Structures are given as C-alpha cells and as structure tokens.
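Working through the structure, step by step
Residues per chain, in single letters:
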Number of protein chains: 4
Amino acid sequence: MKPSSKKVAIVGASGYSGEELVRLLLSHPHAELTAVTSRQYAGQTLAQIFPKFAHHPRAKTLRFSEPKADLLAKQAEVVFLALPHGVAAEYAVPLMQAGCVVIDLSADFRLRNAAVYKEFYGHDHPAPELLGKAVYGLPEIYRDAIRKALLIASPGCYPTSVLLPLIPLLKAGLIQPGAIIADSLSGVSGAGRKAELDYLFVECNESARAYSIPKHRHLSEIEQELSLAAGAPVTIQFTPHLIPVNRGILTTLYLTPTKNFADAAGAAALGEKIARCYAKAYANEPFVRVLEGRALPDTKNVVGTNVIEIAWRLDPRTGRLIVMSAEDNLVKGASGQAVQSLNLICGFPETAGLT
Amino acid sequence: MKPSSKKVAIVGASGYSGEELVRLLLSHPHAELTAVTSRQYAGQTLAQIFPKFAHHPRAKTLRFSEPKADLLAKQAEVVFLALPHGVAAEYAVPLMQAGCVVIDLSADFRLRNAAVYKEFYGHDHPAPELLGKAVYGLPEIYRDAIRKALLIASPGCYPTSVLLPLIPLLKAGLIQPGAIIADSLSGVSGAGRKAELDYLFVECNESARAYSIPKHRHLSEIEQELSLAAGAPVTIQFTPHLIPVNRGILTTLYLTPTKNFADAAGAAALGEKIARCYAKAYANEPFVRVLEGRALPDTKNVVGTNVIEIAWRLDPRTGRLIVMSAEDNLVKGASGQAVQSLNLICGFPETAGLT
Amino acid sequence: MKPSSKKVAIVGASGYSGEELVRLLLSHPHAELTAVTSRQYAGQTLAQIFPKFAHHPRAKTLRFSEPKADLLAKQAEVVFLALPHGVAAEYAVPLMQAGCVVIDLSADFRLRNAAVYKEFYGHDHPAPELLGKAVYGLPEIYRDAIRKALLIASPGCYPTSVLLPLIPLLKAGLIQPGAIIADSLSGVSGAGRKAELDYLFVECNESARAYSIPKHRHLSEIEQELSLAAGAPVTIQFTPHLIPVNRGILTTLYLTPTKNFADAAGAAALGEKIARCYAKAYANEPFVRVLEGRALPDTKNVVGTNVIEIAWRLDPRTGRLIVMSAEDNLVKGASGQAVQSLNLICGFPETAGLT
Amino acid sequence: MKPSSKKVAIVGASGYSGEELVRLLLSHPHAELTAVTSRQYAGQTLAQIFPKFAHHPRAKTLRFSEPKADLLAKQAEVVFLALPHGVAAEYAVPLMQAGCVVIDLSADFRLRNAAVYKEFYGHDHPAPELLGKAVYGLPEIYRDAIRKALLIASPGCYPTSVLLPLIPLLKAGLIQPGAIIADSLSGVSGAGRKAELDYLFVECNESARAYSIPKHRHLSEIEQELSLAAGAPVTIQFTPHLIPVNRGILTTLYLTPTKNFADAAGAAALGEKIARCYAKAYANEPFVRVLEGRALPDTKNVVGTNVIEIAWRLDPRTGRLIVMSAEDNLVKGASGQAVQSLNLICGFPETAGLT
C-alpha cells in the first residue's frame, strides 16, 4: 500500500466516467483502488476489459465485482459513484451509513430542491433527506465546504464549463443575470458508453447537431448555482450541440455587461475590470487558465487534463461580452474534478494525481 | 454539345469551391464546361488533378489553363469566379466588358457600399463602379433580380446560413432586429484549400475552437442584408467556430420575439405565426426544408446537397426564439447556390443539375 | 410512373445498405420504388426516418411496411433484400415463386456449395435448392448470366474489392494462385447499423484494429470466385481492419507473379503484360478505373460513386506485384452493384441511376 | 533544479516529435529542460506556442531560441535532435565534440553503411565518420550498448512497429527471413507538422491511401536490423498507409514459419514455441505488451503511452503466421523511445517519465 493513502472504490467503473476514474486513481500517489464494480463485467480483471491499463500491475489483479454496498463499505473509505441519475442514491445512503465518504458523479445530489429535481428529471427524488448534506463539488467555488463534506455532488460537464466562467462575473456584478446565453459543443463521450444508434460512429462522424433544447436537464444545476452567485433567481438560455470529437466541451457565452460601453475607451475600462475580476478569482487556481493575448480556448489544449481554459472579448459594436471556455468533459467535467474533491477531503495536495 | 446548353467557365477551379463547381457543372444537363483555370495546374487535365472526376469523359480532355480574361470571354458565355477576395474584380471587369455574365463566389461584389468593404477587408474596393450592378445571389430573396443580372455576387457560406432563417422573420416583424445572436459551426473546407498549419489534419481533428471574433468579415454582408429586410440598420453578434468535419455549417440563432410570451398559450399563439411566416416564405422553395415535429437540423442530412434545413423552438422559460439551420458550406453555401443563379439567369429549371 | 420503368421494393430498408438503395432508387430514371420494409419503422414515411431524402416527393408519401412476401410480390417486379444472412432466404423463396426477380445483398446465395456455407456461417443453409439458380452479381465477370438471372447474389464489400483486381490476373495466368494475401481497411458503415458498443463513435474514432482473423466469413465467396478464375482451388490470406471513416474500403494485395523478374528490364516487360491484361478486362468498363502514372487509390475519390479504383506496382527488390483497390463499401461494395444488376436484368443502360 | 537531474535540450522543438519531447521532459522526474530551439518561434515561450503546456511553471519562462550548437553545449548535458534528416548531423558533430550526449530522432545515424544512406535518401551522408559510433536506440534490443553510447540513433516509427515483433522470431529461427511482408497504417502526425496540401484536414479525413511504395525510406533501417537478427541479408515488402487518426501505427505482418503446420495439432505445437519466444524476449519488458486470449492490438489502447502491443495468430488454412503491433508513433515510435534511451544513458529507472 502507498504511504498515507486512502482506500477508494468505484461503483460503475465500466462507463466513460468510470473508466477515466480508473485511469486517474491507478496513478494517484495517495489512493489505493480496492474495488471496481460492473454488473456486466463482474469477474473479469481491469486489464481484460480495458487493455490500455494492462501495464499497471494493479489492473492485472483487480477484478470487477457486483455492486454491493455492504461489501464496498468494508473495502474502501471513499467511494465514487459513476452511475446513471436515479440509481446513485440507492448506494449513497447505505455507504454513508456505513461511514464511507461518497463522491457522486451523477445528478442525484446536485440540486438543493427536490421539486426542481422532479421537474427536470421526471421522477421523485429517491433520497431527499440527503440533499441538505451534499456539497456541490466545484472546488474553485466551494473549496472549504468540500474539505468537510461527507457527500459530494460532483458537477456535470456542461455546468462546469458554464459556471466557472460566469460565477466571478456575477459575484462582481459585472454582467446582467437576466441575459445569459450559453452555447456548448460536446464530444460524444458525453453521451456515455451506451449502445444506441444515435451514438454510432457513422451517425456522429461528419455531423453537427443540437439536441435536448430548449430545456436540457443540466439547466437545473446551472441555474441553481448562478442564482446563488447572483443573489437572485437566474434563468438562462442553454443549447448543447454534439460534434464529432471523442472528448471536450467548448462553451461560448453571450453576456451583457451591467455597464454600457460604446467605444474603444469604454471597452478598455471595462476590460480592465473583467481582467481583475478573473485574476482575483483564478490567478492562483491550479486548474483554471485564463488565456492572454490573442489566444482562444481550444478543446485540444485541455483534453486529458483537469484544466479549464477561459478567454473573453468585448464587442464595442454590440455592447456584449463574449466568454469562451474549453475543458475535457471526462476530466474537469467529471472524473478529474471528482478526484480534486477527493484530494481536498483527504488533505492531499489538491493537484495530486491530476498533473 | 448538350442541347440548348450554355458554355460556362470556372476561374480558380482548384480550390474547394472551384472543385465543387466542377462537380456540379460536369453533370449539369444544360451547361457545357469549356474552360477551367488554375495557375498551379495549368496544362494538366481535370482527371489528373481530381481523380474522382476521371469517369466523366470531359474530365479526361479538359485541361486547366492560365486565367486570361480575353481568352475566357471567347470560350464561355457565363464565367464563375472562385477566387480570393480582392482578386475577382480584375477578371470581372474585362469579362463583363466582353459580354460575359459573371457569377462571382468571392466577397468582392457583395457589399453595396465601398466604405463598408474597406472597413471589413482592409483595402480600397478594386472596382467600386460595379457595386451598383451586382445582384446578391440569394435566389430565395432576389430571384427576379438574379434573372436579369449580368453580375452575381454569390453569398458567403455563413451569410446564407444566417440570412435564410432570419429574413422572413424580420420582414414579418416577428423578431427584434437589435437582439440577434448567430453562433455557427463550420467544417474545415470553409477555410479553403490552403497549405497552412492551422488547417492540418492533426490541428483540426479532436479540436473545437472559435476564431475571428468578434468581427468576422462576413458580418458586413450579413448586416447589409438584414438591414434591408428590417428596413433599418441591424448590428448582430456572430461567432464562427471550426469543428472537425469536412463540410457543413450548423448555425444556432438566439432571437427575441417582438411579442412577449410567458406561458404555453402565448408560445402556441406565437408559434402559429412563425410557422405561417416560414410556410409563406419557403413552402414552395425547392432547396429550403423547414423541419417538422421533433427533428432538428443535422449537417449530415444536407451534405452534398443544395438544401438548407431550418427548425425553430420557442422557449417559454426565457421568452426567446431559437432557430437553427444546416447547410453544406460548399453547395448551398457556395457553388450550388451559384449554379442556382446560373439556372435563373439562363432560364433553366431552377433545380437543374442540383438534384 | 416513369416511362418504361420497373416497380421495385426493398426489404430491410433501414440498414445502411438499405438506405443506400433508397438513395439510388429514388433517383433512378427507370425504377419506381413502391415498397420499403422495416419492422422497426413500420408506418413512418421515408422522410421521417431519413430526413436527407425529404426533398424527394416520393419520400414524403412512401411509408415503411412490415415485410410480407405475398404483399411485396404484388407491389413489385424486382425485390431487393438488404437483410442479415440467414434471413434473406425466407423471403427469396416465396418472392421467386410469386414471379419476382430477387436481388439479394446478403451472403445467403453467394456460395455454390451448401457445405461451405455451413463451415463459414455456422448453420445449415436455409434453402440449398436455390443455390444452383443464383448468379453471383459481379457484372464485370458475370454480365451475361446476370441478364438472364432470376436470383442475384450480390457480392460482399470485401469480396468486390479483392475479386475485381485479381480475377483478370488469375485468368491470364500472371500470378501464382497459391500466394495471395489481401489486406483490407474498411469504414465503419461496413459493420451495419447495429447498436453495439464496438461501433460507438468513441470506440472507433482515433482507433485502428484488425478483426475476425484469420478466417473471416467473406473468405468463402472470395475463394470460390478466385478458384473459378484460376481453374483450381485457391486459398488466400485475408485480414480486414476497421478504420475511422464512414465509408470506403482500401485493399492492398500482395502477389507473386508467375514469371520472375529481378531487374528493371524484367519489371518493364512484365509490367506491359499486366497493363494489357487490365486494359483488356476493364478498358470499357464504366465502373472500373485503372489508375495511370503515379496516382494511387484513395477512398475519398470513390466515396458516393459506383467506381472501383485499381493501381499496381512491381517491386524489383522483392519480385512481388502489389495491387491496390478503393471502393465505396455501400455502393460498388453493396447497393450500387445491386442496382447495376437491376439495370442488366431489366435491359436498362448499365449506368442508369449510377452516375 | 530537481535532485540528481540532467540538463537536457531539444533542437527542433516545434515539430510533432519535438512537442512530444517537451511534454515528456517537462514532467520527467530527473530531467531539467534548459533549452528548446525553433527558428520560427525564437523569442516566444513554450506556453505561448503550446498553450496546452501553459500549466507547467517552466513553460511560462522557457523561450525558444535559435539553434546554436556552441550555446546548447553550455546549456545541456544531453541534447535531443528532432530535425529533418540531413540536418541533424550538422548539430551532432559540434555537440559531441563539446562533450554532449546526442539523442538524434532523425534518420541521419541509423544506418551503418553510408552507401545505403545515399541509396535511400538521395544524397551523400553528411558525417559518415560518426556512423560507427552511433547506437540504434531500440532499448529492447540494444539496452547495454545504449547505456554506454554517446550518440543515439533513435529508431523511426514504422521500424519500431516492425522490428520489435520480428526480431525475436528471426533470432529464434521461427520464420523464414525471405518471406516477410509488413503492412502499416499510420496516423497523420507521422507526416510531421508541415504546411502541405496533402496533410490538410479535408484531404486526410474520410480518406485511406497507400504512399511511398514500393520503396519507402524506412526500409533501409528495417532491413539492416532484420539482417542483423537473421544473420543474413533480409529484404522485405513494406506498404505504409495514411489513415485519419492523429496518432498511432498499426502494423500487420505476414510471415511464413520455418516449420510447416497443416492442422490444429501442428499449429498448437508451433504456437507454444512462438509464445515461449515472445515470453523470453518480452515478459519483463516494461513497454512491450504481448496480448493474450482473443485481444488484438488497437491503436487507441496505446496512444499517449510508450507501450507497443503485439498479438499473433497462426492460420492453419494458409500455413502463415500473422503478427500485429500497435504503438503511438510519437511516443514508442519517436519521443518516448528517445526518453527511454535517455534513462538508460543517465542511469535513471528505464520507465522514469514514461508512466
């Protein structure tokens, strides 16, 4: 066992988020991966199902097991849930009762309000009593609360790409909360490892299309967090698109500054405020990269990393502020961010296993 | 020679738009392709440079020539210019003087105002005296004028994807002209066949990125045409993105209706007006497909065709109207649309060679 | 109804080969598509399921139906079967009894010997009495027999790419029949429209892999036809690979000439014979393109067409002959070739609907 | 400075191999990257040119410089040359004279015979006196010699994918040296970061094609090393193909065993010998993964790693042995392998910076 390490387990380790957790945790300097579950692959080793991990000694011996909460509670101190929404709760409850810390990558505990959950997910929340205990696992915003949390609701991929660029601007009162438009492009891994015709190679390659508009489920957590930042209810426009890349989300945000600017001088003055706002929020953040000069975010610069790139432009012609972000949907948008929470909870360096 | 056909030539036939013109004109039932020019490939046959055309008998004998206006004027009645902006004018002037009809795919004659050209293209217009004679080659909007035109300024790929969904709404007064946002995704062929690092396979594959923001050159013609439709100056927000597909543009438009709607009933009433507006504008258009039911535009459904797909959704949560379009940037966004103009000018069926 | 046209139907019109048949037959000048079947989509129109065909008037009215042989026999004179192997036979028998001509795109009738079928497909042949009546639908080899056939066994995609380059060489005795190696790369549409994890975008993109080695099912028909050409039993090596393109097969053949050549002079002499052999076989074939000069086959030059490209090189260092071919697996490798057979059977021009 | 680390420099750090060296050396636990050269980018920081490295503190301060051997000799103890062939020699000579160890990723020092170099590369070797001093940097074969080397000729990407599967078989006398065929598929990064039309996204996407046949330059080093393994001159057939992936080489080898086998029993006996041969050669190699069971190599399982996957199949129908390998052309095929040599030379753990 690695020195001063925590025993961790992954429930639902055969999906794309689960597989990415496996990758990160096998190499984590302070985590020992003791259990991975998958109904489909129970009994087979990690190396058999994911040949790309076969060179990790642990991958040759660790076998997928059936997901059983009581057994997992004996095997691990921290359990990651990489399950579909609606299913995670049934593991979270017994695992927490048995004393495990739970880091949930599903949407089950992201909303504070069970009624909003029902509105967006179409069924009653399976464990509303836990909603008050969960901490939204966005470390750049909730770092202190995460350190003390027993249940982490790790954010969705789209929400991360929207929230990190917007929250500092809203908190500083630099943009109008009522005029936010988010336009996102996502790689196909965001749809999960599901055997559906829509995600076949031939259906996605040489294709670009919007989907789930105008009311995508992720709006619920996006608006909850934006409202908290703005101090008032926020409703936004959000359009996700599917593009033919494996990984990566590029989000373009159309914003209206609270202060009008009609010329270059006005733009320069406002630009200084925006730059200071982002510098104050993110200059010391290890995983947020605010681009300088003429550079614009590009998913290929962040794929495989836990970094989110952000850049912004003021348009004197329209009076708008355009902000763009790029992240890897499976890392900063899912598993990397969950490991960032693990590091905070366990007192490891926040970047451990993520660089 | 085909019965009752016109002799046509292509200047700049080795770029992607030029190649697509070759494809369409080789199979056109009423056009005889008599000359193709390319400095780079002069002396070689079409079949040698584009093996995919080698099964057309004409491709085995037709050789690229140096572009010479006087010679072209003897070879063809209609000349397509598929040249970079700023260069097309030097061929258009002598060709028109020699009696040819010119269909220009560059930006040179799209703007009515030479000052706007200079603002967006960075140099004086090379032939301002022709600006008044050019007809903007968007057949669904300017069909009658195109029939009589001697000089066609065929629209850009992004403008086509933005204008066709917007003009009917603006003309009907259904949307606010001052609150238009256009977010576009383009395939890499839109950048042209240029040997630049930015467009290498490795730089574009597994990448998504915005570029040329906030003031892309195509804004000039987009805003000119929207202003004409609205009857007042219109300034819009436009963000183009590059995604890893060969062909296709997907545009998402964020619009604010002139009439507020806050609930399902209001949305239904407004929705009827929008549906009627589009039906009136496009029900009989052979190349505009307004989608019904739950279908959304997808570039893979239009690639290789001259069709533009349009769909729209009202969002009662935000009060906005979302309109999407999909087209092939090289066909409806360039060469197919140019052939549509050819058909109108020559009195051929408008769909000749395009189905 | 089009003048002098045949009524045709497609059983299994929702797979990739079926969809491609729809595309070709909707535009065919002498075919009237009267029925398309699909259990999954029964009751819906072609336009609803395949929006890309929505601009064909027929696509708006023609609805998928349940596949019923007796009904189909009344609706069509020629019926295409685009079904999985083992299923086609149950439609072929009653359709033929009812007087229809059947063009089967499955493997069911490609083998003359039911024992070989069982060896490669793992079950008894469902209608061995029909094997003697079927004609292997490779028009360049069996044109006359196809003209008179009542049952066409249209060749597989890999077999077409291997057989057309090899048969002339074998018939001319120019290569050793016992030393043939075929290495093929296929686009993902070759796997069919199946909801399986292996063919998800994320599993195929940025991936290259061999599969089904060393005994792929297509070997059975390849070796049958090569043996007929050589006049003696032929066994070959065949390795298929999956690469991330939608369409296209590129096959590289490693061959040993019957006549040794050890230097440039020997290669030149042999090269003349090979060139003459291919010219004799294919100079007048509308869909075979033997490349000249330095050009090599490239799938992007044939995608969407019924053309197969062939090129060859002699290697004086090794004494081997390398032959390459490129085709669209869904057109010349499936549906285009089937339409070519239709044209021959009905006395239409062989290229009707295919250019 | 990291404890017990070596100062290293990269000449030609802006190409794809150079960029990959930057990635590996920035994170290497025992290497300090002190200089990176690029004529094109001199004066700019690593972070400016490669935003994806911007989160490494070193990338913000380290600037590209003009390549000057005398200066580099003062900055680094080990210098990597990631330059085009023919150019590396002019840096290698002065750097070695100044006492640096040189690890060259070009082809300049891979051949022992200057005449073979001239035959394949078309010009006289620029520094034939160094050919005797260079060690071919394939650690699995030349580990001891690499440890003592002052000049490493790091192997090409294709050669690595061909040599590692073949050398154990040849040394063990299990295959006929005169009947080797290697068929390779390569990602586009193998062509280098060159602004050429052939490597544009649109020219490579949805395309598969062979090139440089039948006498690719890499044949010279492949045959040199195979001849050494076989103890006699070996000439092979080699066909490289370009496929639309960023990274990865998949090689399929067609081999004839020295011992005939005509049935399952013979295959089983020979199979045991092959398995033992590979186990003896590679069971303890950290970067060679011989696959078991039904798994076949897939480039997506090795991309980003220094691992080469190998699998083999005996075909009783043909008597042949098929061996496949998969590697990342930029890692095990170039920069990772070069770092492996660095580790051996410096006495670091062989896997340092590579896991």
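Quick notes on the rules
- Residues numbered from 1 in each chain as written.
- Chains lettered and ligands numbered in written order.
- Predicted model: local features only at pLDDT ≥ 70, side-chain atom pairs only at ≥ 80, totals over all residues.
- Heavy atoms only, no water.
- Helix = DSSP H or I, 4+ residues; strand = E, 2+ residues; numbered from the N terminus.
- Rg over C-alpha atoms; globule rule 2.2 N^0.38 Å.
- Contact = heavy atoms within 4.5 Å.
- Areas by Shrake-Rupley, 256 points an atom, 1.4 Å probe, with all protein chains shown as cover.
- Lys, Arg positive; Asp, Glu negative; His and termini not counted.
- Charge placed at Lys NZ, Arg CZ, Asp CG, Glu CD.
- Least-squares fit on C-alpha atoms with pLDDT ≥ 70 in both.
- Pairing = 2+ DSSP bridges.
- Axes fitted to C-alpha atoms, helices over the stretch in contact; angles between N-to-C directions.
- Buried < 20%, exposed > 50% of the residue type's maximum accessible area, 1.4 Å probe, protein only.
- Expected span 1.5 Å × (residues − 1).
- Bend = angle between axes of the 7 residues up to and from the residue.
- Buried area = accessible area lost by both parts, 1.4 Å probe.
- Salt bridge = Lys/Arg side-chain N within 4 Å of Asp/Glu carboxyl O.
- Polar contact = N/O pair within 3.5 Å; in protein donor to acceptor, adjacent residues only side chain to side chain.

Here we look at the overall build of chain A
The secondary structure content of chain A amounts to 12 helices and 14 strands. For chain A, the C-alpha radius of gyration of 20 Å lies close to 20 Å, the compact-globule estimate for 355 residues. Here the C-alpha coordinates of chain A stretch approximately 65 × 45 × 40 Å along the principal axes. Within chain A, counting contacts between residues at least 6 apart in sequence, those at least 24 apart form 69% of the total. Summing over all exposed atoms, chain A offers an accessible surface of approximately 12,300 Å²; the carbon and sulfur share of this is 51%. Of the side-chain charges in chain A, 36 are positive and 32 negative, and the distance between the mean point of each set is 4 Å.

Quick word on the relation of the copies chain B and chain A
Laying chain B over chain A is done by rotating through 180° and shifting 0.0 Å along the axis; what remains is an RMSD of 0.0 Å. The transformation relating the two chain copies, once decomposed into turn and shift, fits a two-fold axis. Judged by C-alpha distance, proline 244 of chain B is the residue of chain B that lies nearest the rotation axis, at 3.3 Å. Counting the interface residues of chain B, we find that 100% of their copies in chain A are interface residues as well, pointing to one common contact surface.

So, the sheet that holds strand β7 (residues 151-153) of chain A
All names here are of chain A. On the basis of which strands lie adjacent, the open sheet formed by seven strands has the order β3-β2-β1-β4-β5-β7-β6 and parallel pairing. Both edges of this open sheet fall to β3 (64-65) and β6 (135-136), since each of them pairs with a single strand only. Two strands pair when backbone bridges link them, and β6 and β7 are joined in this way by two bridges, in the parallel orientation. By the bridge assignment for β7, tyrosine 136 is matched with alanine 153. Each of β4 (78-81), β5 (101-104) and β7 is contacted by helix α5 (residues 88-97), which is oriented at about 170° to β4, the strand it contacts most.

Some points on unusual backbone geometry
Geometrically, the link from isoleucine 213 of chain B to proline 214 of chain B is a cis peptide bond, its omega value of 5° lying close to zero. Mapped onto the fold, proline 214 of chain B is located in the loop between β9 (209-210) and α10 (219-230). At glutamate 206 of chain C, a residue that is not glycine, the phi angle is positive and equals roughly 55°. The buried category is assigned to glutamate 206 of chain C, whose relative accessible area is 13%.

Structural notes on helix α8 (residues 157-171) of chain D
Helical geometry: 3.6 residues make up each α-helical turn, so side chains three or four residues apart lie on a common side. All names here are of chain D. Between its first and last C-alpha atoms α8 spans 22 Å; for 15 residues at 1.5 Å apiece the expected length is 21 Å, and the two agree. Where α8 bends most, the angle comes to about 35°, and this point is leucine 163, followed within four residues by the proline proline 165. Most of α8 is tucked away: 14 of the 15 residues are buried.

Observations regarding the interface of chain B and chain A
One widely used convention gives an interface's size as the accessible area the parts lose upon coming together. On the side of chain A, 47 residues touch chain B, which itself brings 47 residues to the contact. Taken over both partners, the interface formed by chain B and chain A buries close to 3,800 Å², and the fraction arising from carbon and sulfur atoms is 55%. Counting across the chain B and chain A interface gives six salt bridges. Glutamate 223 of chain B is the partner of arginine 317 of chain A in a salt bridge, and the nearest nitrogen-oxygen pair spans 2.3 Å. On inspection of chain B and its partner chain A, the count reaches 22 residue pairs in polar contact (both at pLDDT 80 or more).

Thoughts on the relation of the copies chain D and chain B
Overlaying chain D on chain B yields an RMSD of 0.0 Å, the required transformation being a rotation through 180° with an accompanying axial translation of 0.0 Å. The fraction of interface residues of chain D whose copies in chain B are also interface residues reaches 100%, indicating that both copies meet through the same surface.

Focus on the pairing of strand β8 (residues 181-186) of chain A
All names here are of chain A. Among the six residues that make up β8, six are buried, leaving the element largely enclosed by the rest of the structure. Neither face of β8 is exposed, since Ile181, Asp183 and Leu185 on one face and Ala182, Ser184 and Ser186 on the opposite face are all buried. Summarising the sheet, β8 and strand β10 (residues 237-242) pair through six bridges and their orientation is parallel. Opposite aspartate 183, over in β10, you have threonine 239 as the bridge partner. The pairing of β8 with strand β11 (residues 249-255) spans six bridges and is antiparallel. Bridge pairing in β11 links alanine 182 to leucine 253.

Examining the sheet that holds strand β3 (residues 64-65) of chain C
The seven strands lie next to each other as β3-β2-β1-β4-β5-β7-β6 (chain C), forming an open sheet whose pairing is parallel. Either end of the sheet is taken by a strand with one partner, and the two such strands are β3 and β6 (135-136) of chain C.

Brief notes about the side chain of glutamate 19 of chain B
In this fold, glutamate 19 of chain B is placed in helix α1 (residues 16-26). Those residues in contact with glutamate 19 of chain B, other than ones at most four positions away along the chain, are Ala13, Phe50, Lys52, Phe53 and Arg193 of chain B.

Purely spatial values, then, with no claim about function.
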